[in-house]
Amino acid sequence: MAAPAYPGWVTRWVSGQWRNKKRPPTLRPPRPLALADRVANRRERGTEATCITEMSVMMACWKQNDFSDLPCAEEIRRFYDCVAKAEKERKSQNEDTLSSRGNLPSSKVNKLLKRFPQITRYV
């Protein structure tokens, strides 16, 4: 197993080359280390589709009965019940909760950054 490759200045610093009252090179960030006032609007990944089974059963029934609603009333009712249940679950989820990946949506991050802005000056 090969040793990891470090930048040249790290090996010089560790080896003691900087100990003779010489300072190691200063690392300067290209931008100030502060949060921006807002983040880019990212599209949320779509959640998994719901009621696919009910919809396919309903469409199969329609196809068998020449797209007549009367013989397929039970399948249509099951599909609408499933859609209503899924919509109710989606609305019951609090908007402040994290997404499935554990991240806040960009709209929530922007609201928080607006509510708690960066301190650009000291009092």
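Residues numbered from 1 in each chain as written. Predicted model: local features only at pLDDT ≥ 70, side-chain atom pairs only at ≥ 80, totals over all residues. Heavy atoms only, no water.

1. Section: the packing of aromatic side chains
Turning to step 1, where the next piece is worked out: On inspection of all chains with the given rule, the structure shows one aromatic pair.
Turning to step 2, where the next piece is worked out: Ring centres of Phe79 and Tyr80 lie 5.8 Å apart, and the angle between their planes is 50°; on these two criteria the pair is classed as tilted.
Turning to step 3, where the next piece is worked out: For Phe79, a relative accessible area of 14% puts it in the buried group. (Phe/Tyr/Trp six-rings, centres within 6.5 Å; stacked < 30°, edge-to-face > 60°. Buried < 20%, exposed > 50% of the residue type's maximum accessible area, 1.4 Å probe, protein only.)

2. As for the pattern of salt bridges
Turning to step 1, where the next piece is worked out: Applying the stated criterion across every chain yields a total of three salt bridges.
Turning to step 2, where the next piece is worked out: Residue Glu74 is joined to Arg77 by a salt bridge in which the shortest nitrogen-to-oxygen separation is 2.4 Å. Taken together, the positions of Glu74 and Arg77, both in helix 3 (residues 73–92) and three residues apart, correspond to about one turn of that helix.
Turning to step 3, where the next piece is worked out: Judged by its relative accessible area of 34%, Glu74 is partly exposed.
Turning to step 4, where the next piece is worked out: Arg78 serves as the salt-bridge partner of Glu74, at 3.6 Å between the closest nitrogen and oxygen. Placement of the pair is Glu74 and Arg78 together in helix 3, with a separation of four residues, close to one helical turn.
Turning to step 5, where the next piece is worked out: You can call Arg78 partly exposed: its relative accessible area is 46%.
Turning to step 6, where the next piece is worked out: A network of salt bridges, in which partner residues are shared, links Glu74, Arg77, Arg78 and Asp81. (Salt bridge = Lys/Arg side-chain N within 4 Å of Asp/Glu carboxyl O. Helix = DSSP H or I, 4+ residues; strand = E, 2+ residues; numbered from the N terminus.)

3. Here's the deal with the environment of Pro105
Turning to step 1, where the next piece is worked out: The residue Pro105 is located in the loop between helix 3 and helix 4 (106–115) in this model.
Turning to step 2, where the next piece is worked out: Taking C-alpha positions, Pro105 is 8.5 Å from Arg43, a pair spaced 62 residues apart along the chain.

4. Overview of the confidence of the model for the protein chain
Turning to step 1, where the next piece is worked out: In the predicted model, the protein chain carries a mean pLDDT of 79, and the fraction of residues at 70 or more is 74%.
Turning to step 2, where the next piece is worked out: Helix 2 (residues 52–64) holds the highest mean pLDDT among the elements of the protein chain, 94, whereas helix 1 (residues 8–15) holds the lowest, 71. (pLDDT = per-residue confidence, 0-100.)

5. Observations concerning a nonpolar patch on the surface
Turning to step 1, where the next piece is worked out: On the surface, Leu104, Leu112 and Phe116 cluster together to form a nonpolar patch covering roughly 270 Å² of accessible area.
Turning to step 2, where the next piece is worked out: Here Leu104 is to be found in the loop between helix 3 and helix 4. (Patch = residues over 30% accessible without salt bridge, like charges linked within 9 Å, V, L, I, M, F, W, Y side chains within 5 Å. Areas by Shrake-Rupley, 256 points an atom, 1.4 Å probe, with all protein chains shown as cover.)

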